[in-house]
Amino acid sequence: MSKSVLINSFLVGTVAIAVAGAAITPGDIAEAQSSKAANSAEPKAQAQASEEKLDGTIFHAQVLLDRAGFSPGVIDGLKGTSFDHAVKGFQEARGLQVTGELDNATRAALLQDKAPSVRRLRIDESDARGPFTPIPKEPEEQAKMERLAYRNLLEKVAEKFHTTPATIIALNSPSMALRAGTVLRLPNVLPSSRSYEGVKPDVAQLLSDLNISGSQPKAERVVVDKSEKVVRVFGQGDRLIAQFPATLGSEKDPLPLGNWKVNTIAYNPPFKYQPQLFWDVKDTEKEQMLPPGPNGPVGIAWIDLNREHIGIHGTNSPETIKRAESHGCVRLTNWDVARLSRMIGNGMKVVFQA
């Protein structure tokens, strides 16, 4: 049985989309979401996205905020704290009254970008070929793998377009055959440039795969704000130029407040799993060197700071940003940490503030 989901866009009007209870394939949604939802403080939020009425006004605003550099986290058409803070950041940057509400002045400013909320795009052969693989739960089993890759094509496409598997189904059809050549309606986060100067070809491909524009504003400093759980990026003249929602520390591993600086930036890093550094892991477990990949503990990038064991990094669970806890580090979605990495450089000042 199908359910109707109404998308009320403030640009394109109302569109009805049928969403059935079945997944695209029996295991696709479960593989893409189950382990991630288990780590979330709101584990039902992801599943609800395919059943609730997706608000097209929120959805389009999320797309435009993402394009402007004020990330709402995952683009899912649902209002929440990440969206509210993204609106606040955008309002501050544009000299608007900072309310966190999508008022007329904010809509008008967003709509200076004439981009529609979705694009019809064909799945490329290079995306469809994978590799795709199940991810075992235990670190000792993960350590045997060559790469912690995407579990399936649905998960890969969702991350590429800064959204969730449930949202892709809501925008399309659960009965479609997801493969090379399939045409999908997807959030319009295509970059203005795919020219990535100063990086190796494999890093350029990684950035392109995440739809990160090669044209990014340059930062002067970065502020990690504990109270609002955001990373704020300031450019020339101390102007706010970007903002990203973040997961910041926990009660047992609090964010180390103070002034730090960027040591290095590593893409597709392996991860040294050290049980003694995690309060929720038994010290008797063995250390493991986990392979790189988007489903690794630190995602696709690690921005190392001059504080031991502390960095800004990606995640294998983008839908948990702001809803979960970290072990003292600053966790962003993979696409947001990739974008941040192109704005900063070694030696840049990073302030952790309450």
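Our structure is the block above this text.
Report follows, based on the coordinates. Keep in mind the model is a prediction, meaning the values are calculated, not measured.

With mixed pairing, nine strands are arranged side by side in an open sheet as S7-S6-S5-S15-S9-S12-S13-S14-S8. The open sheet has two edge strands, strand S7 (240-245) and strand S8 (247-248), and neither has a second partner. Taken together, the two bridges between strand S13 (residues 311-313) and strand S14 (residues 330-331) define a ladder with parallel strand orientation. Directly across from isoleucine 312, in S14, lies its bridge partner valine 330. Helix H4 (residues 81-93) rests against strand S6 (230-234) and S7 of the sheet, and its axis sits at about 175° to S7.

Where helix H3 (residues 56-68) contacts H4, the two axes come as close as 11 Å, and the packing angle between them is 50°. Taken together, H3 and H4 sit at an angle that is classed as oblique. For the element pair H3 and H4, the recorded crossing hand is left-handed. Each of Ile58, Ala61, Gln62, Leu65 and Ala68 in H3 lies in contact with H4, whose residues at this interface are Phe83, Ala86, Val87 and Phe90. Residues of the contact of H3 with H4, tallied by class, amount to eight nonpolar, one polar and no charged.

Within the element layout of this structure, valine 222 appears in strand S5 (residues 221-225). What makes valine 222 buried here is its relative accessible area of 2%. Separated by 126 residues in sequence, valine 222 and methionine 348 place their C-alpha atoms 7.8 Å apart. What valine 222 contacts, discounting residues up to four positions off in sequence, is Val231, Arg232, Leu340, Ile344, Met348, Lys349, Val350 and Val351.

Below, the discussion takes up the pairing of S6. Along S6, five of the five residues are buried, which leaves the element largely enclosed by surrounding structure. Side chains of S6 alternate between two faces, with Val230, Arg232 and Phe234 and Val231 and Val233 buried alike. Relative to S6, S5 runs antiparallel, the two sharing five bridges. If you follow aspartate 225 over to S6, its bridge partner there is valine 230. Hairpin connection between S5 and S6: a loop of four residues separates the two successive antiparallel strands, and lysine 229 in this loop has a positive phi of roughly 55°. Taken together, the five bridges between S6 and S7 define a ladder with antiparallel strand orientation. From the neighbouring strand, phenylalanine 234 faces S7, where its bridge partner is leucine 240. Remark: five residues form the turn of the hairpin made by S6 and S7, two consecutive strands paired antiparallel; glycine 237 in that turn has positive phi of roughly 75°.

Soluble globular proteins tend to pack their nonpolar side chains together in the buried interior. Ranked by size, the top nonpolar core spans 45 residues in total, and within it Val231, Ile312, Val330, Leu332, Leu340, Ile344 and Phe352 carry the most contacts. Not counting residues within four places of it along the chain, the set of residues in contact with leucine 332 comprises Val231, Phe244, Pro245, Ala246, Ile312, His313, Gly314, Thr315, Ile321, Val337 and Leu340. The next biggest cluster of nonpolar side chains, apart from the first, holds 18 residues, and it includes Ala158, Phe161, Leu178 and Leu186.

So, about helix H8 (residues 153-160). Given 3.6 residues per turn, any residue in an α-helix points the same way as the ones three and four places further on. In terms of residue burial, H8 counts as a mostly covered element, since eight of its eight residues are buried. Listing the buried residues of H8 in full gives Leu153, Leu154, Glu155, Lys156, Val157, Ala158, Glu159 and Lys160. The N-cap residue of H8 is asparagine 152: its side-chain oxygen and the backbone nitrogen of leucine 154 are 3.2 Å apart. Just downstream of H8, histidine 162 is the residue with a positive phi angle, here 60°.

As a further point, take the packing of aromatic side chains. In total, this model carries one aromatic pair according to the counting rule given. Here the aromatic rings of phenylalanine 70 and phenylalanine 90 are separated by 6.1 Å at their centres, their planes lie at 85°, and the arrangement is edge-to-face. Taken together, the positions of phenylalanine 70 in the loop between H3 and H4 and phenylalanine 90 in helix H4 put the pair 20 residues apart, joining distant regions of the chain. Comparing phenylalanine 70 with phenylalanine 90 shows no difference in burial state: the two are buried. Taking NZ or CZ as reference, arginine 221 lies 4.3 Å from the ring centre of phenylalanine 234, over its face.

Calculation rules
- Residues numbered from 1 in each chain as written.
- Predicted model: local features only at pLDDT ≥ 70, side-chain atom pairs only at ≥ 80, totals over all residues.
- Heavy atoms only, no water.
- Pairing = 2+ DSSP bridges.
- Helix = DSSP H or I, 4+ residues; strand = E, 2+ residues; numbered from the N terminus.
- Contact = heavy atoms within 4.5 Å.
- Axes fitted to C-alpha atoms, helices over the stretch in contact; angles between N-to-C directions.
- Parallel < 35°, antiparallel > 145°, perpendicular 65-115°, else oblique.
- Left-handed = near helix turned anticlockwise from the far one by under 90°.
- Nonpolar A, V, L, I, M, F, W, Y, C, P; charged D, E, K, R; others polar.
- Buried < 20%, exposed > 50% of the residue type's maximum accessible area, 1.4 Å probe, protein only.
- Core = buried A, V, L, I, M, F, W, Y, C linked by side-chain atoms within 4.5 Å.
- Polar contact = N/O pair within 3.5 Å; in protein donor to acceptor, adjacent residues only side chain to side chain.
- Phe/Tyr/Trp six-rings, centres within 6.5 Å; stacked < 30°, edge-to-face > 60°.
- Lys NZ or Arg CZ within 6 Å of the ring centre and 35° of its normal.

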